[in-house]
Amino acid sequence: MLVLIFVIVLLCLGFLSCFINKIPGPLFVVIAVLTAQLGMDTAPGWGAVAIVTVIAIAAFVLSKYMTRIAKKMKEYSKKASIATTIASLLGVFSLPAFVDSSTGTFIVVLLVCFILLPFLFALLVEWIRNKNLAEGAKCAGTATLVYLADTALKLAAFAYAVYAMFMTKG
């Protein structure tokens, strides 16, 4: 039972880190899958451990590479990156209010919470920094795209780990 609680805590940290760039979420997810493999009766299997590890390494490497490339295309500030994180965390914590909504409403809320809100927060930061709305929009767009891609990579590792641990037989 303690192992299961530990695995769930690691998965929760891994999920939250999908939205917070400075927390190594894929590492938490790898540790969770490895712990499940070594300590749970319904182990996900060594194949799942390997796949989650590869996805986590790919997420880490691609995140660094992607950020470097994007900043060469259009430089954005660290504050814009922080703004996207804050906005999406607000989105994550506002989602429970819409769980019972219709599918269409929930999809719109997801789009607003995870695309529009991060962009608008980054836009505000970059507009103030550049004192030019058009330039701020370009910088905010780049910051938002990098944030979304990074989040998607981390979510891939998390989603496969949850699938391997709880949806399949090891």
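In every chain, residue numbers begin from 1 and rise along the written sequence. The predicted nature of this model means local features are confined to residues of pLDDT at least 70 and side-chain atom pairs, given and counted, to a pLDDT of 80 or more, with totals for whole chains, interfaces and linings taken over all residues. Computation of side-chain values: all heavy atoms of the structure, hydrogens and water removed.

## Looking at the pattern of salt bridges
Inference 1: Note on definitions: salt bridges are taken to be side-chain nitrogens of Lys or Arg within 4 Å of carboxyl oxygens of Asp or Glu. One pass over the structure, following the stated rule, counts 4 salt bridges.
Inference 2: With its nearest N and O atoms 3.9 Å apart, the salt bridge here joins Glu75 to Lys71.
Inference 3: For every residue, the accessible area obtained with a 1.4 Å probe (protein chains only) is divided by the maximum for its type, and the residue is called buried under 20%, exposed over 50%, and partly exposed between those limits. According to the relative accessible area criterion, Glu75 is partly exposed, its value standing at 46%.
Inference 4: Under the relative-accessibility criterion, Lys71 is labelled partly exposed at 28%.
Inference 5: A salt bridge links Glu135 to Lys74; the nearest nitrogen and oxygen atoms lie 2.2 Å apart. Taken as a pair, Glu135 in helix α6 (residues 133–166) and Lys74 in the loop between α3 (46–73) and α4 (78–94) lie far apart in primary sequence, 61 residues in all.
Inference 6: Residue Glu135 is classed as partly exposed on the basis of its relative accessible area of 23%.
Inference 7: Exposure remark for Lys74: the relative accessible area of 23% places this residue in the partly exposed category. Only DSSP runs of H or I covering at least 4 residues are called helices, and only runs of E covering at least 2 are called strands; the numbering of each starts at the N terminus.

## Considerations on the layout of surface pockets
By rolling a water-sized probe across the atoms, one finds the places where empty space is left.
Inference 1: Each cavity reported here is a set of points on a 1 Å grid over the protein atoms alone in which a 1.4 Å probe fits but cannot get out, each pocket an open set with protein on both sides within 12 Å along at least five of seven lines, and each lining residue one with an atom within 4 Å of a point. Grid points are joined across faces, edges and corners, and a volume is the space filled by probe spheres set on the points. Of the pockets and cavities examined, the largest pocket occupies roughly 660 Å³.
Inference 2: Lining the largest pocket are 27 residues, and of these Asn21, Lys22, Ser63, Lys64 and Asp150 lie nearest its centre.
Inference 3: With 8 residues, the top contributor of residues to the lining of the largest pocket is α3.
Inference 4: Residues are grouped as follows: nonpolar covers Ala, Val, Leu, Ile, Met, Phe, Trp, Tyr, Cys and Pro; charged covers Asp, Glu, Lys and Arg; every other residue, Gly included, is treated as polar. Here the lining of the largest pocket is built from residues that sort into 14 nonpolar, 7 polar and 6 charged.

## Remarks on the confidence of the model for the chain
Inference 1: Per-residue confidence from the predictor is given as pLDDT, running between 0 and 100. Taken residue by residue, the chain gives an average pLDDT of 89. The fraction at 70 or more is 98%.
Inference 2: Of all secondary-structure elements in the chain, the lowest mean pLDDT belongs to α3, at 88, while helix α5 (residues 103–130) reaches the highest, 93.

## Remarks on the side chain of Thr144
Inference 1: Note on placement: Thr144 falls in helix α6.
Inference 2: One polar contact links the side chain of Thr144 to the main-chain carbonyl oxygen of Ala140, over a distance of 2.7 Å.
Inference 3: The contact rule is simple, with two residues in contact once any of their heavy atoms fall within 4.5 Å. Once residues within four sequence positions are removed from consideration, Thr144 is found in contact with Thr84, Ile115, Pro118, Phe119 and Ala122. Nitrogen and oxygen atoms within 3.5 Å of one another constitute a polar contact, given that in protein one can donate a hydrogen and the other can accept it, and given that sequence-neighbouring residues count only through two side-chain atoms.

## Considerations on a nonpolar patch on the surface
Inference 1: Patch definition: residues with relative accessible area over 30% and no salt bridge; like charges joined within 9 Å; nonpolar side chains (Val, Leu, Ile, Met, Phe, Trp, Tyr) joined within 5 Å. Values of accessible area rely on a 1.4 Å probe in the Shrake-Rupley scheme; residue burial ignores everything except the protein chains shown. A cluster of nonpolar side chains, Met1, Ile5, Val9 and Leu13, forms an exposed patch at the surface whose accessible area comes to about 420 Å².
Inference 2: Among the structural elements, Met1 can be located in the segment before α1 (2–17).
Inference 3: Under the relative-accessibility criterion, Met1 is labelled exposed at 75%.

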